[in-house]
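Residues per chain are reported as follows:
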Amino acid sequence: MASASSLPKSYKAISCPGPNQGWNTIDVPVREPNEREVFIKVNASGICGSDHFVQDGTWPVEYPRTPGHEVIGRIVALGRGIDFTGRLKVGALVGVGWSGGFCNNCGPCRLGDFSGCITGQFSGFSFDGGHGEYMYAPETAVVSIPEEALENARVEELAPLLCAGTTVYGAIRSSNWQPGDICLVQGIGGLGHLAIQYAAKLGLKVYAVSSGSSKADLAKSLGAHAHVDVTATDVVAYFKALGGAKLIICTAPYAKQISTILPAVARNGTITLVSAATDGNIEVSNLLLNLNRATLRGWSCGGGYESDECIRFSTLADIKSMVKTFSLEQFTEAYDDLINGRPQFRNVIVFKD
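Within each chain, residues carry numbers counting from 1 in the order of the written sequence. Per-residue local features are limited, in this predicted model, to residues with pLDDT of at least 70; the limit for side-chain atom pairs, both in listing and counting, is 80 or more; totals at the level of whole chains, interfaces and linings are taken over all residues. Note: side-chain values were computed over all heavy atoms of the structure, leaving out hydrogens and water.

(A) Broad picture of the packing of aromatic side chains. Here is the rule: rings of Phe, Tyr and Trp (six-membered ring for Trp) pair when centre to centre is within 6.5 Å. Planes less than 30 degrees apart are stacked, more than 60 are edge-to-face, and the remainder are tilted. Summed over the entire model, instances satisfying the criterion amount to 21 aromatic pairs. Centre to centre, the rings of Trp23 and Phe331 are 5.2 Å apart; their planes meet at 85 degrees, and the pair counts as edge-to-face. Here Trp23 is found in the loop between β1 (10-15) and β2 (24-29), whereas its partner Phe331 is found in helix α11 (residues 331-339), with 308 residues between them in sequence. Exposure classes here rest on a 1.4 Å probe applied to the protein chains alone. A residue is buried below 20% of its type maximum, exposed above 50%, and partly exposed in between. The class of Trp23 is buried, set by a relative accessible area of 14%. Ring plane angle 80 degrees and centroid distance 5.5 Å describe the contact between Trp59 and Trp98, whose orientation is recorded as edge-to-face. Here Trp59 is found in the loop between α1 (52-56) and β4 (71-78), whereas its partner Trp98 is found in the loop between β5 (93-96) and α2 (107-110), with 39 residues between them in sequence. Its relative accessible area of 12% is what places Trp98 among the buried residues. An aromatic cluster is defined as three or more aromatic residues linked by ring pairs; in this entry it consists of Phe53, Trp59, Trp98, Phe122 and Phe125. Here a helix means four or more residues in a row that DSSP labels H or I, a strand means two or more in a row labelled E, and each is numbered from the N terminus.

(B) Region of the structure containing the pairing of strand β8 (residues 182-186). In terms of burial, β8 is a largely internal element, five of the five residues being buried. Burial along β8 is two-sided: the residues Ile182, Leu184 and Gln186 and Cys183 and Val185 are all buried. The criterion for strand pairing is that DSSP finds at least two bridges linking the strands in question. Of the strand pairs in this sheet, β8 and strand β9 (residues 205-210) are connected by five bridges, and their pairing is parallel. What sits directly across from Cys183, in β9, is Val206. A clockwise course of the path from the first strand over the helix to the second, judged with the strands pointing away from the viewer, identifies a crossover as right-handed. Handedness of the crossover is the feature at issue here: the chain leaves β8, passes through helix α5 (residues 192-202), returns alongside β9, and the resulting connection is right-handed.

(C) Region of interest: the packing of helix α4 (residues 164-173) against α5. It is the contact of α4 with α5, at a shortest axis distance of 9 Å, that shows an interaxial angle of 40 degrees. Put simply, α4 runs oblique to α5. In this structure, α4 meets α5 at a crossing whose hand is right-handed. Where α4 approaches α5, its residues Ala164, Gly165, Val168, Tyr169, Ile172 and Arg173 are matched on the opposing element by Leu194, Ala195, Tyr198, Ala199 and Leu202. Counted by class, the contact of α4 with α5 contains nine nonpolar, one polar and one charged residues. Only C-alpha atoms enter the line fits that serve as axes; for helices the fit covers just the stretch in contact. Angles between N-to-C directions range over 0 to 180 degrees. Throughout, the term roughly parallel applies to angles under 35 degrees, roughly antiparallel to angles over 145, roughly perpendicular to angles from 65 to 115, and oblique to all others. Two helices that cross are described as forming a left-handed crossing if the nearer one is turned anticlockwise from the farther one by less than a right angle, and a right-handed crossing if clockwise. Every residue pair with non-hydrogen atoms within 4.5 Å of one another is taken to be in contact. For this classification, Asp, Glu, Lys and Arg are treated as charged, while Ala, Val, Leu, Ile, Met, Phe, Trp, Tyr, Cys and Pro are nonpolar and the rest, including Gly, are polar.

(D) Looking closely at the sheet that holds strand β13 (residues 295-298). A sheet is described by the order of its strands in space; here six strands give the open sequence β10-β9-β8-β11-β12-β13, paired in parallel fashion. Because the sheet does not close on itself, it has two edges, and the strands there are β10 (226-229) and β13. Averaged over all pairs of adjacent strands, the angle between strand axes in this sheet comes to 20 degrees, irrespective of strand direction.

(E) Spatial organisation of the pattern of salt bridges. We define a salt bridge as a side-chain nitrogen of Lys or Arg found within 4 Å of a carboxyl oxygen belonging to Asp or Glu. Applying the stated rule across the entire model yields twelve salt bridges. In this structure, Arg80 and Glu32 form a salt bridge, with 2.7 Å as the shortest nitrogen-oxygen distance. Here Arg80 is found in the loop between β4 and β5, whereas its partner Glu32 is found in the loop between β2 and β3 (37-47), with 48 residues between them in sequence. Take Arg80: its relative accessible area is 66%, and that puts it in the exposed class.

(F) Up close: the side chain of Glu37. Among the secondary structure elements, Glu37 is positioned in strand β3. The buried category is assigned to Glu37, whose relative accessible area is 12%.

(G) Layout of α11. Burial in α11 covers these residues: Phe331, Ala334, Tyr335, Asp337 and Leu338. In an axial view of α11, the angular spread of the buried residues amounts to 160 degrees, which keeps them on one side of the axis. Buried residues belonging to α11 abut β1, β3, α1, β14 (323-326) and β15 (346-350). Of the residues one or two after α11, Gly341 is the one with positive phi, at around 75 degrees. Arc definition: it is the arc formed by the directions from the helix axis to the C-beta atoms.

Structure representation (structure tokens):
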């Protein structure tokens, strides 16, 4: 552990006192990390749409709670049970994502499905997250970030990769496709702008689909082969003329729009929902799936090792998030901006070194 004299006595963090009770800025006393816990000085913490589960009480949370699961920072101290000669060292650049660690003993863990751990936690829900100057995280939740990641990206551009990036990267990597296959990315927002980059850099022929033409040039600059405006084009007919989309990644949470584009899937294609549509049910024809031998599935953010892989690939392929930064004092403004649908891709809280 770092010397006591080098640590602050307390730090500021955002906290929700209870469901629908707003956000407070609180002072958190600094303590020695638990045996297998890591104490991190936060450099950047991305605001994710799922942070609202803490605010509205729709996720089982013990209050008060500090949210935040897209975290980049540096290790300040290690619990006494952590190997100081291992991958985690004081001063190392690290991240914390959605997955709050795993037990390494249950059935899913023994099969290597760490994000499916029966006793697994969720950062910012099971324990306090990164919307503060410092945070404590379980050892198995901490992601190693190569220093070279900072050569072409700022910490605020890296932070959303711990959730949004890991989610779409895993959804694409785990699907059945070949280089050159058509990938339809629905939505060009916080998830979609990353999905376009990953799909293109992995070798897919990407078509970005959204309402209106305002983001057409942006989509192409991110690597899309073409942009399709759903307000001016019959999307299903468009893709059927191309033989269908082997991979459809749905990122925008609009049930009706998602349901409308599902018939664009190719034979033996995969439709993956990384969106979290709560405005209605997704509707799909049973015959569509049968006759095309198509797969419809959901996908959520993976465990720490999946974020490790995502960060490494992002660093090599020069993939980064498009962000707007805020200070901790501006958290409520940044959160409201997200909830009201106004963000320019990802809102991130940044902290001074």
